[in-house]
Amino acid sequence: MLFLNDQFESYYNTIYGKRWAGLRESLIKESEPIPYSDGLVTPYMLDHASVLAALSLRIPGEGPILDACAAPGGKSLVIASIMCPQSTLLSNELSGERRRRLVKVLDEHLPPEKRERVTVSGFDAAAAGGKKSEHKRFAAILLDAPCSSERHVINNEKALAEWTPARPRFLAKRQWALLSSAFLLLQPGASLVYATCAISPEENDGVTSRLVDKYRDTVILDPPDFSEGGETQYGRIILPDLCGGMGPMYVARFKKAFLTP
Ligand SMILES: C[S@@+](CC[C@H](N)C(=O)[O-])C[C@H]1O[C@@H](n2cnc3c(N)ncnc32)[C@H](O)[C@@H]1O
């Protein structure tokens, strides 16, 4: 079934030009998740682009890792499967209902020795940076932020009918609150990955550029290592039209510098 919204078409046509028709078609097709099974008790179905995003996080030798927006838990499983024995993972999710799903996913897929090092919490990750006591707490942070999710919107009649350009604008603001908060929670020298499944650059690079501008003395851009997709100004984006149906997935990676006195 093909749904249409003129504002949506015009917004993405302006951004992607001639590429939009093909990209649109690829977003309408169902994604094809594959079983991720490394270090898990039972495989979990994940889009390969999500695996690449989670694997982008530089895993510390020790210390607490935060998955700031974790439900339903696919990326937490990937991180838990590769984290070092001296590390713990805090899988955080604001929504109570989604948090219950997260716990179930972790319980079902992680072996006991990994599961006992993963804790689930439910704080507002956008507000956590406002607490000085939380600053520099984490040795690595994954922020897989709530986003435009155009692949969902384009396939959902109601969501598409309700779409206006205010949606990416609103979500970019929400992502900025989350990203700037996450940066404060990060230890000097630690790795931060900001990922979304949005194709709107107002989110993605638009949000990353605010971090780079605001913390220019302490943010170090650390582009992700994977080669899938294309480079953007600050990160990489995997789009389904040119990546065999994978994605969308935008990934930017940063390190926090040690400030010299
Ligand atoms: C893109 S989804 C995360 C997907 C997840 N990382 C995975 O791989 O399965 C974003 C999640 O962030 C949660 N969220 C939204 N705002 C939040 C906030 N302020 N603090 C914590 N979680 C939040 C949403 O409820 C949603 O479950």
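Just so it is clear, the structure is predicted and the values come from calculations on it, not from any experiment. (Residues numbered from 1 in each chain as written. Predicted model: local features only at pLDDT ≥ 70, side-chain atom pairs only at ≥ 80, totals over all residues. Heavy atoms only, no water.)

## A word on the packing of aromatic side chains
Moving on, step 1. Applying the stated criterion across every chain yields a total of 9 aromatic pairs.
Moving on, step 2. For the pair Tyr12 and Trp20, a centre-to-centre distance of 5.4 Å together with 25° between the ring planes defines the contact as stacked.
Moving on, step 3. Overall, the relative accessible area of 0% leaves Tyr12 in the buried class.
Moving on, step 4. Ring geometry for Tyr12 versus Trp163: centroids 5.8 Å apart, planes at 50°, classification tilted. In this pair, Tyr12 is assigned in helix H1 (residues 6-16) and Trp163 in the loop between helix H8 (157-162) and helix H9 (166-185), connecting sequence segments 151 residues apart.
Moving on, step 5. Accessibility expressed as a relative area gives 1% for Trp163, which makes it buried.
Moving on, step 6. Cation over ring: Lys256 sits above Phe183, and NZ or CZ is 4.9 Å from the ring centre. (Phe/Tyr/Trp six-rings, centres within 6.5 Å; stacked < 30°, edge-to-face > 60°. Buried < 20%, exposed > 50% of the residue type's maximum accessible area, 1.4 Å probe, protein only. Helix = DSSP H or I, 4+ residues; strand = E, 2+ residues; numbered from the N terminus. Lys NZ or Arg CZ within 6 Å of the ring centre and 35° of its normal.)

## A closer look at the site of the ligand
Moving on, step 1. Taken together, the neighbourhood of the ligand is formed by 21 residues, with Gly73, Glu93, Arg98, Asp124 and Asp144 sitting nearest.
Moving on, step 2. Between the ligand and Gly74 there is a distance of 3.1 Å, counted from an oxygen atom to a backbone nitrogen or oxygen.
Moving on, step 3. Between the ligand and Leu94, the relevant distance is 3.3 Å, taken from a nitrogen atom to a main-chain nitrogen or oxygen of the residue.
Moving on, step 4. When isolated, the ligand has an accessible area of 610 Å², and the protein chains bury 87% of it. (Near = heavy atom within 4 Å. Polar contact = N/O pair within 3.5 Å; in protein donor to acceptor, adjacent residues only side chain to side chain. Areas by Shrake-Rupley, 256 points an atom, 1.4 Å probe, with all protein chains shown as cover.)

## Regarding the nonpolar core
Moving on, step 1. In this structure, Trp20, Leu192, Tyr194 and Leu211 are the most contacted members of the largest nonpolar core, which totals 46 residues.
Moving on, step 2. Looking at this core, the elements with two or more residues in it are H1, helix H2 (20-28), strand S6 (138-144), H8, H9, strand S7 (186-196), helix H10 (205-214) and strand S11 (249-256).
Moving on, step 3. Among the elements that line this core, the one with the most residues is H9, at 7 residues.
Moving on, step 4. With 34 residues, the next largest nonpolar core counts Ala53, Leu57, Met83 and Met246 among its residues. (Core = buried A, V, L, I, M, F, W, Y, C linked by side-chain atoms within 4.5 Å.)

## Remarks on the packing of H9 against H10
Moving on, step 1. Where H9 contacts H10, the axes come no closer than 9 Å and their chain directions differ by 40°. Between H9 and H10, the crossing angle belongs to the class labelled oblique. The chirality of how H9 crosses H10 is right-handed. Where H9 abuts H10, its residues Ala172, Gln175, Trp176, Leu179, Ser180 and Phe183 lie against Val207, Thr208, Arg210, Leu211 and Lys214.
Moving on, step 2. A per-class count over the contact of H9 with H10 returns 6 nonpolar, 3 polar and 2 charged. (Axes fitted to C-alpha atoms, helices over the stretch in contact; angles between N-to-C directions. Parallel < 35°, antiparallel > 145°, perpendicular 65-115°, else oblique. Left-handed = near helix turned anticlockwise from the far one by under 90°. Contact = heavy atoms within 4.5 Å. Nonpolar A, V, L, I, M, F, W, Y, C, P; charged D, E, K, R; others polar.)

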